[in-house]
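This is what each chain is made of:
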Amino acid sequence: QVQLVESGGGLVQAGGSLRLSCAASGHTFSNYNMGWFRQAPGKEREFVAGISWSGGTHYTDSVKGRFTISGDNAKNTVFLQMNSLKPEDTAVYYCAVDRSGPGFNVAAGPYDYWGQGTQVTVSS
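Residues numbered from 1 in each chain as written. Predicted model: local features only at pLDDT ≥ 70, side-chain atom pairs only at ≥ 80, totals over all residues. Heavy atoms only, no water.

Trainee: Can you help me understand the sheet that holds strand E1 (residues 3–7) in this one?
Mentor: Neighbouring strands of a sheet are bound in pairs by backbone hydrogen bonds; such pairs are parallel or else antiparallel. The antiparallel open sheet is built from four strands, whose spatial order is E1-E3-E8-E7. Only two strands of the sheet have a single partner each, and these edge strands are E1 and strand E7 (67–72). Between one strand and the next, the sheet's axes are offset by a mean angle of 15°, whatever the strand orientation. Where E1 and strand E3 (residues 18–25) come together, five bridges link them in antiparallel fashion. Within E3, the residue paired with Ser-7 across the bridge is Ser-21. (Pairing = 2+ DSSP bridges. Helix = DSSP H or I, 4+ residues; strand = E, 2+ residues; numbered from the N terminus. Axes fitted to C-alpha atoms, helices over the stretch in contact; angles between N-to-C directions.)

Laid out in C-alpha cells, this is it:
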C-alpha cells in the first residue's frame, strides 16, 4: 500500500517562503517520477513541479526561479522549497507518484497515488 503524506503548508505573507515535504511509504519513490500539483478554489488541479528517478526536474513556468523540487532517497521524501511566494500561489498542494514511465507528465491522469494535500495560503 503506497502512502504519501504532505506537510509544511501554512499561512505566509507575500514574499515569504515555505518548504513542503512529501513522505512516501510502501514503495521506493526513487524508481519513479514524483510530482507536486496544486488546486485553488474553483480551479482545476495543475502541475507545479516534478522530479524524475534520475534527478531531473521540471517546473511550470509560473514557479520557475522561485520553487525548487528535490528528493532525499534515504528518507523516501520529496521536498518543494517555495520562495518569493505570491497570493496567486494560494492553493492546496498535493504530491503524487507517476509510475507510467520515463518523461514528465504535467497532466494529473498518469499519477496513480496522491497525498491528502496541504494548504498553502499567501496573504498580500
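Trainee: Explain the pattern of salt bridges to me, please; I cannot follow it from the model alone.
Mentor: A side chain of one charge can pair with a side chain of the opposite charge when the charged atoms of the two come close. Enumeration over the complete set of coordinates arrives at five salt bridges. Asp-89 is the salt-bridge partner of Arg-38, the closest N and O atoms lying 2.9 Å from each other. Of this pair, Arg-38 sits in strand E4 (residues 33–39) while Asp-89 sits in the loop between strand E8 (77–82) and strand E9 (91–98), and the two are 51 residues apart along the sequence. Residue classification places Asp-89 among the buried residues on the basis of a relative accessible area of 1%. Ionic pairing is found between Asp-61 and Lys-64, a salt bridge with its closest N-O pair at 3.0 Å. For Lys-64, a relative accessible area of 47% puts it in the partly exposed group. (Salt bridge = Lys/Arg side-chain N within 4 Å of Asp/Glu carboxyl O. Buried < 20%, exposed > 50% of the residue type's maximum accessible area, 1.4 Å probe, protein only.)

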